[in-house]
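Below, each chain spelled out in residue letters.
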Amino acid sequence: MTFHSSVFHTQEMIYLLDIVIMGTTPPYKYGLFDHNGDLVKGFPSHIFFNRDFNWSGAFDGALNPVRVDDRLYLKDYVNDTIYQLDRTNNLHPAYVFGLGKYIYPIEYLETLNMQQPFPSNAFIINRLVGMPNYFFYQFRFPHSLPRPRAKPMFIPIFNEYRSDDIMVYGLYDIKQKINILLDTDSFLQKGFINDINGGLSFIPRYYAGDGLVVDFWTTEEMKEILTDEYFASQKVSDPQGHEKLKELLRVLNEEDNPVIVVAQLKNDKF
């Protein structure tokens, strides 16, 4: 059984799909398809495994493709490499996460373990946002390594708050070739501290081009966290923007849609 976990438009009439085949290594990891659904070009898999059961999971797939201006980047869940698709539809390795002994172990792809579905001592990168000079990423942190304390997350299916320490954010500076792991703030928030209007920390969710990076804040979190005590502890460089934020808080209801937050990179820098 074959299925595709993501679809992405690359050129006129050309679509990129992530290919997954139940129970085995597919001959191609990605494929370029035309409007008729015919395979134009396939890109081979680079991770090989012999599975002892007919089952496929999310980690057989790939992250959503990342577009940065005229560049398109691809990354598998378990591969340590970020690939770039060039204008001639050739795929090249562009960046490698040097994970060493913390790489995703192949045996987890070969044997189903419902008691421990994820390797506890591996880095698992599960979100990637590309920008002209940076990659922002979220990854599952190895249990054996110290990590920042984070605010518990509400899990609706369990109707309770649970620890969210296992997920950590990082930033790779392409020009300086430096990785930065982000700590949490005094309120245990993840992301970049918002010293502009004093609002919630900023987490890049999407790069919209022209130096614009997009995040969203849920109204529930805004009402819960953005209190007078919180504002008193924040540095604010834009007093007018801070007052607009406080005015917005006065009219927001917890049932309202999330608030879209757009940040402009200065000279493509944070």
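Our structure's up above, just so we're on the same page.
Below or above, wherever it landed, is the structure these notes cover. For clarity, every value in this text was computed on a predicted model and none was experimentally measured.

How each quantity is defined
By convention here, each chain's residues receive numbers from 1 onward along its written sequence. Restriction of local features to residues with pLDDT of at least 70 applies here, the model being predicted, together with a cutoff of 80 or more for giving and counting side-chain atom pairs; totals for whole chains, interfaces and linings are based on all residues. By convention in this description, side-chain values take in all heavy atoms of the structure and omit both hydrogens and water. For helices the rule is a DSSP run of H or I covering at least 4 residues; for strands it is a run of E covering at least 2, with both sets numbered from the N terminus onward. Each pair of aromatic rings taken from Phe, Tyr and Trp, with Trp reduced to its six-membered ring, is defined by centres within 6.5 Å and is described as stacked if the planes are under 30 degrees apart, edge-to-face if over 60, and tilted in the remaining cases. Our definition puts a charge over a ring when NZ of Lys or CZ of Arg is within 6 Å of the ring centre and also within 35 degrees of the ring normal. For two strands to count as paired, DSSP must find a minimum of two bridges between them. Fitted lines through C-alpha atoms serve as axes, helices being fitted only where they are in contact, and the angles separating the N-to-C directions of these axes extend from 0 to 180 degrees. We define a salt bridge as a contact between a side-chain nitrogen of Lys or Arg and a carboxyl oxygen of Asp or Glu at a distance within 4 Å. Buried means the residue's accessible area, taken with a 1.4 Å probe over protein chains only, is under 20% of the maximum for its type, while exposed means over 50%, and partly exposed covers the values in between. By nonpolar core we mean a set of buried residues, namely Ala, Val, Leu, Ile, Met, Phe, Trp, Tyr and Cys, connected to one another through side-chain atoms within 4.5 Å. Whether two residues are in contact is decided by their heavy atoms: any pair within 4.5 Å suffices. Grouping into patches uses exposed residues only, defined as over 30% relative accessible area, and leaves out salt-bridged ones; the cut-off is 9 Å for like charges and 5 Å for nonpolar side chains (Val, Leu, Ile, Met, Phe, Trp, Tyr). Residue burial considers only the protein chains on display, and all accessible areas are found by Shrake-Rupley using a 1.4 Å probe. Working convention for charge: Lys and Arg count positive, Asp and Glu count negative, and His plus the chain ends are omitted. Positions of charges follow a simple convention, taking NZ of Lys, CZ of Arg, CG of Asp or CD of Glu. Nitrogen and oxygen atoms within 3.5 Å of one another constitute a polar contact, given that in protein one can donate a hydrogen and the other can accept it, and given that sequence-neighbouring residues count only through two side-chain atoms.

1. Observations concerning the environment of Val262
The topology assignment puts Val262 in strand β17 (residues 259-264). Considering only alpha carbons, one finds Val262 and Tyr207, 55 residues apart in sequence, at a separation of 9.7 Å.

2. Notes on the packing of aromatic side chains
Inspection of the entire model under this criterion finds 15 aromatic pairs. Geometrically, the ring pair formed by Tyr73 and Phe135 is edge-to-face, given 5.1 Å between the ring centres and 80° between the ring planes. Taken together, the residues span a long stretch of sequence, with Tyr73 in strand β6 (residues 71-74) and Phe135 in strand β10 (residues 134-140) at a distance of 62 residues. Ring-pair connections join several aromatic residues into one group, and the members of that group are Phe97, Tyr102, Phe123, Tyr137, Phe139 and Phe141. Taking the ring centre of Phe216 as reference, the NZ or CZ of Arg205 above it sits at 4.6 Å.

3. A closer look at the sheet that holds strand β15 (residues 206-209)
Pairing in this open sheet of 3 strands is antiparallel, and the strands run β15-β16-β17 from one edge to the other. Two strands in the sheet have a free side with no partner beyond their single neighbour: β15 and β17. Averaged over all neighbouring strand pairs, the angle between strand axes comes to 35°, with direction disregarded. Here 3 bridges tie β15 to strand β16 (residues 212-217), and the two strands are oriented antiparallel to one another.

4. A few points about the pattern of salt bridges
By the definition in use, this model includes 6 salt bridges. Of the charged contacts, one joins Asp164 and Lys190 as a salt bridge, the two residues approaching to 2.8 Å between their closest N and O atoms. Placement of the pair is Asp164 in the loop between β12 (160-162) and β13 (167-173) and Lys190 in the loop between β14 (178-181) and β15, with a sequence separation of 26 residues. Summarising the burial analysis for this pair, Asp164 and Lys190 share the class buried.

5. Here we look at the nonpolar core
The biggest cluster of nonpolar side chains holds 51 residues, and the ones touching the most others in it are Met131, Phe136, Met222 and Leu226. Among the elements that take part in this core, β10 stands out by supplying 5 residues, more than any other. The residues touching Phe136, leaving out its near neighbours within four places in the chain, are Arg127, Leu128, Val129, Met131, Tyr169, Gly170, Leu171, Leu182, Phe192, Ile203 and Pro204. Listed in part, the 10 residues of the second largest apolar core include Ile14, Tyr30, Ala62 and Leu85.

6. Let's talk about a negative patch on the surface
Together, Glu220, Glu224, Glu254, Glu255 and Asp256 line one region of the surface with negative charge. Residue placement: Asp256 occurs in the loop between α4 (239-251) and β17.

7. A few points about the side chain of Asn79
For Asn79, the location among the structural elements is in the loop between β6 and β7 (81-85). One polar contact links the side chain of Asn79 to the main-chain amide nitrogen of Thr81, over a distance of 3.2 Å. Beyond its immediate sequence surroundings of up to four residues, Asn79 is in contact with His46 and Ile47.

8. Focus on the side chain of Thr81
Following the sequence through the fold, Thr81 ends up in strand β7. Among the polar contacts listed, one links the side chain of Thr81 to the side chain of Asp80, at a separation of 3.0 Å. When near neighbours in sequence (up to four residues on either side) are disregarded, Thr81 contacts Leu74, Lys75, Pro93, Tyr95 and Val96.

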